[in-house]
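What the coordinates show
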Amino acid sequence: MCVKHVPDLMAERRLDDAGRVVRDGGDGTLNELDENAVEAALTLAEEHDAEVVALTMGPDDAVDAVRRALQMGADRAVHVLDDALTGTDVFGTARVLAAAVRRIAEDGPVDLVVTGMASLDGLTSMLPAALSAELGLPQLTLAVETAIADGAVTVHRDLDHATEVLRAPLPALVSVTDQANEPRYPAFAGIMAARKKPVDTIGLDDLGLDGSGLGAQGARTEVLTATERPPRTDRVLLTDEGDAGLRLAEYLVQNKLV
Amino acid sequence: MTTDVLVLLEHADDGALRPSVPELLTLGRTIGTVGAVWVAAADPGADVLAELAAHGVQELHVVTPDAHPRLTPVIAEALAALVEPSTRAVLLGSSFENKEVAARLGVLTGAGVMVDVAALSVDGERLVAEKQVFAATWTTRCTVRTPLAVLAVKPHAVQAETTGPSEPQVVRHEVSVSAVAAAVEVVERTERAPSERPDLGAAQVVVVGGRGTDGDFSALDELADVLGGAVGATRVATDEGWIDRDAQIGQTGVTVAPRLYIGAGVSGAVHHRGGMQASGTIVAINTDADAPIFEIADLGIVGDLRQVLPQATAELRRLRG
Ligand SMILES: Cc1cc2nc3c(=O)[nH]c(=O)nc-3n(C[C@H](O)[C@H](O)[C@H](O)COP(=O)(O)OP(=O)(O)OC[C@H]3O[C@@H](n4cnc5c(N)ncnc54)[C@H](O)[C@@H]3O)c2cc1C
Ligand SMILES: Nc1ncnc2c1ncn2[C@@H]1O[C@H](COP(=O)(O)O)[C@@H](O)[C@H]1O
């Protein structure tokens, strides 16, 4: 299962001159939506007696994300860490994670790759599709319900305009939404046990990848400028004294909003 | 004929074009000659052809894939089959599904991909996209370094304008998709009936209810009707089943950027803000003067939505006569 370390949503978030997220260390967390991925993977593994491997690509402190997954119950973790990866875009990330999944598969077949629906920092929701394309796996995204039976995975999903049930043979990739489950909270025993679980830290060499298409140099997009939105000015706060509805109507008319 | 821009004709199962399409066609013309792409089992109807002609579209590619035409990998492969060396851009609406199409198309073609594009400009050879990030507290201008750009564009990036008329030349393609794309079976698909109200993601006015409504959305519905707006909700309200799931606004729901957002009984949690902070004018009604939504509201009203909304609705009706 793929998890990501992201800056804390509640913390102030900034971009540097190159348009990259400033990671001030210390305030990061496991991407909240990936807790749903961890939960889904753990539940399926419990039902089908499988091993759960937490995989992340990211800087040093990304290990916190896999630690959290281990505390929740994952068996082991792989952390792809390499200086050459700073600034890697979604396509590079997909290539690296795909190579890592293939490496994990050398130890035993990978039946299912589970991801979250989006990173709450970038919110692009592109990685699951890009990763399944890299891996050549059927893609079942935005699952609110996932079930495995007879060598196939079935998901229910709720899209903007429709609901769907999709099915594909294993191995496959599934991304789950925050509606999929209620992530478990790690128990004390889980936190203690996680300390002894192995985290395999590997670099690009271990994956047999050269740096092409990776890092900031390899990114296919470029941020030209990044500007902070000026605070809203002329803000009005009023307390209802029986006429606030009239004042609201008046405000809308005055500001030509009706 | 060579077209430099491909526009995906997103449509409902009954063949009706999505509201984003006229905007995408308009935007496409600022980049170059537009080829429209229809991926479906059935042919486009006469109304679709009329819309394309009104937008001066030169070519209509009708693609019939040999797999379910709603699956995003299938759409991505269909588009990839149409990309030529001269193609500069592929435009599609920015929805969860289309972001997947964009991602896969990026893997298939090596294109640079920009999603959630709020505005697009052409700067010589360069396509510059404007995006809102971090719950719309920052704006970035980005470009691609690749010859082909795939752009998933949000509603209102441009004002739709017709130009035409043209007589689009219809080109048919039968695309055989990869085994992986075909491996996914659509066991069931039910499209929701479109609501009477404007589409939430594209509406210019959105009235949003949260836990503070206590399940009664009638005052919001009435205000939305008088303003010609859509009704949205927080996740609490959709989780409670007070309103359909597709009304959820926020980081895991729909992102909206209407001219006017009115939130009633909404606290303004960070997950919710992520989906509405780019709105033009933000109005909030909340009984709690310390609710975080007041930090971003242009007009904040500390009061009970059950009093304030009906009074505002009645006054707006009266003013309208
Ligand atoms: C991973 C994750 C993703 C999430 N994604 C989303 C998302 O996409 N969208 C989303 O909305 N939430 C999302 N949430 C939930 C989010 O964190 C908040 O819990 C939610 O937005 C709060 O909804 P609310 O404002 O309706 O409820 P509350 O926070 O309970 O606020 C209710 C407000 O109503 C006010 N009120 C009560 N009575 C009245 C009255 N009579 N008149 C006026 N005001 C009144 C109260 O003062 C209060 O401020 C997500 C959470 C997680 C963990
Ligand atoms: N660097 C990463 N390492 C591991 N998983 C990731 C990484 N980036 C994204 N993901 C996964 O992909 C999902 C979607 O992310 P994104 O496409 O960035 O919105 C996340 O919920 C994660 O499960």
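Residues numbered from 1 in each chain as written. Chains lettered and ligands numbered in written order. Predicted model: local features only at pLDDT ≥ 70, side-chain atom pairs only at ≥ 80, totals over all residues. Heavy atoms only, no water.

Moving on: the packing of helix 6 (residues 218–227) of chain B against helix 9 (residues 305–320) of chain B. All names here are of chain B. Look at helix 6 against helix 9: their axes get within 9 Å of each other, and the N-to-C directions meet at 25°. The angle between the axes of helix 6 and helix 9 places the two elements in the roughly parallel class. Relative to helix 9, the crossing made by helix 6 is left-handed. Of the residues in helix 9, those in contact with A219, L220, E222, L223, V226 and L227 of helix 6 are L309, P310, T313, L316, R317 and R320. Of the residues contributing to the contact of helix 6 with helix 9, the split by class is 8 nonpolar, 1 polar and 3 charged. (Axes fitted to C-alpha atoms, helices over the stretch in contact; angles between N-to-C directions. Helix = DSSP H or I, 4+ residues; strand = E, 2+ residues; numbered from the N terminus. Parallel < 35°, antiparallel > 145°, perpendicular 65-115°, else oblique. Left-handed = near helix turned anticlockwise from the far one by under 90°. Contact = heavy atoms within 4.5 Å. Nonpolar A, V, L, I, M, F, W, Y, C, P; charged D, E, K, R; others polar.)

Bringing the sheet that holds strand 4 (residues 76–80) of chain A into the picture now. Residue and element names in this part refer to chain A. If you walk across this open sheet you meet the 3 strands as 3-4-10, and the pairing is parallel. Strand pairing shows two members of the sheet lacking a second neighbour, strand 3 (53–57) and strand 10 (199–202), which therefore form its edges. Averaged over all neighbouring strand pairs, the angle between strand axes comes to 15°, with direction disregarded. Looking at chain direction, strand 3 and strand 4 are connected through 5 bridges and run parallel. Bridged to T56 within strand 4 is H79. (Pairing = 2+ DSSP bridges.)

Take the domain arrangement of chain B next. Residues and elements named next belong to chain B. Here chain B is described as being made up of domain 1 (5–175) and domain 2 (200–319). Relative to domain 2, the C-alpha centre of domain 1 lies at a distance of 31 Å. Taken together, the 8 residues of domain 1 in the interface contact 10 residues of domain 2. Regarding the contact of domain 1 and domain 2, the summed buried area is about 690 Å², with carbon and sulfur atoms giving 63% of it. Counting across the domain 1 and domain 2 interface gives 0 salt bridges. (Domains from an automatic or database assignment. Buried area = accessible area lost by both parts, 1.4 Å probe. Salt bridge = Lys/Arg side-chain N within 4 Å of Asp/Glu carboxyl O.)

All names here are of chain B. Of all 5 residues in strand 8 (residues 149–153), 5 are buried, a share of seventy percent or more. Here strand 8 shows no split at all, with A149, L151 and V153 on one side and V150 and A152 on the other all buried. Direction of pairing for strand 4 (residues 89–93) relative to strand 8: parallel, over a ladder of 5 bridges. Note on strand 8: the bridge partner recorded for V90 is V150. (Buried < 20%, exposed > 50% of the residue type's maximum accessible area, 1.4 Å probe, protein only.)

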